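Summary of the model geometry
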Amino acid sequence: MKEHTTNYQNAFIEIAEDCPVKAGEMPPLKGDKKTVANMQFDMVYDNPYKYTSDDVLFQVYADRNGIKKGETAEARKAFFSKGQPCFRTSPLTKRYGWGVHSDEAGRIAIYGAETTEYKKMAEDKSLKVVKAMRSSK
């Protein structure tokens with residue numbers, strides 16, 4: 001069974017062209033439940049360059065689907081046995097104004113679109129720079 005990945009190396013995902021904000025915003029809670037955006041934000045913002053895109057996307061999936069610690073290896077293999085959307089489709093890049101940088105090992109960190117770091121990475125010729133997916137056609 002082929003294993004797919006969402007990881008980029010030495011890349012930067014810019015916010016979507018139709019992103020409604022021009023500065024990074026913390027995703028709001030919906031009632032007492034965390035949204036996918038909240039879960040992704042908490043993992044990456046609090047732990048820059050600790051996790052890969054695959055780690056974050058799978059952990060959010062596992063948490064939302066009640067996958068227990070002992071079942072994660074098998075569930076992760078099944079999860080990545082088919083292609084998964086990468087961070088170009090994340091609400092962080094599409095709606096909340098966060099760019100995603102992947103280092104040489106594929107570990108990620110987020111930067112608000114208003115920051116100096118964001119602007120430097122968006123213009124860095126050594127990085128593969130891609131835009132997040134638009135929300136509308």
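A brief structural summary.

It is the contact of helix α2 (residues 53–64) with helix α3 (residues 72–79), at a shortest axis distance of 11 Å, that shows an interaxial angle of 110°. In this view, α2 runs roughly perpendicular relative to α3, as classed from their interaxial angle. Classified by chirality, the crossing of α3 by α2 is right-handed. For the pair formed by α2 and α3, the contact residues are Asp54, Asp55, Leu57, Phe58 and Tyr61 on the first element and Thr72, Ala75, Arg76 and Phe79 on the second. Split by residue class, the contact of α2 with α3 holds five nonpolar, one polar and three charged.

This part covers the sheet that holds strand β4 (residues 128–131). Within the open sheet, the four strands sit side by side as β3-β2-β1-β4. Their pairing is mixed. Each end of this open sheet is capped by a strand with a single partner; those strands are β3 (108–112) and β4. Averaged over all pairs of adjacent strands, the angle between strand axes in this sheet comes to 20°, irrespective of strand direction. In this sheet, β4 lies alongside strand β1 (residues 11–14) in parallel orientation, the contact comprising four bridges. Residue pairing in the sheet places Ala11 in a bridge with Lys128 of β4.

Before going further, it helps to examine the pattern of salt bridges. A full pass over the atoms with the stated rule returns six salt bridges. When the shortest N-O distance is used, the salt bridge between Asp42 and Lys34 registers 2.4 Å.

Inspection of the secondary structure assignment puts Glu14 in strand β1. The residues touching Glu14, leaving out its near neighbours within four places in the chain, are Thr93, Tyr118, Ala122, Val129, Val130, Lys131 and Ala132.

Calculation rules
Residues numbered from 1 in each chain as written. Predicted model: local features only at pLDDT ≥ 70, side-chain atom pairs only at ≥ 80, totals over all residues. Heavy atoms only, no water. Axes fitted to C-alpha atoms, helices over the stretch in contact; angles between N-to-C directions. Helix = DSSP H or I, 4+ residues; strand = E, 2+ residues; numbered from the N terminus. Parallel < 35°, antiparallel > 145°, perpendicular 65-115°, else oblique. Left-handed = near helix turned anticlockwise from the far one by under 90°. Contact = heavy atoms within 4.5 Å. Nonpolar A, V, L, I, M, F, W, Y, C, P; charged D, E, K, R; others polar. Pairing = 2+ DSSP bridges. Salt bridge = Lys/Arg side-chain N within 4 Å of Asp/Glu carboxyl O.

Taken by themselves, the reported measurements are silent on function.
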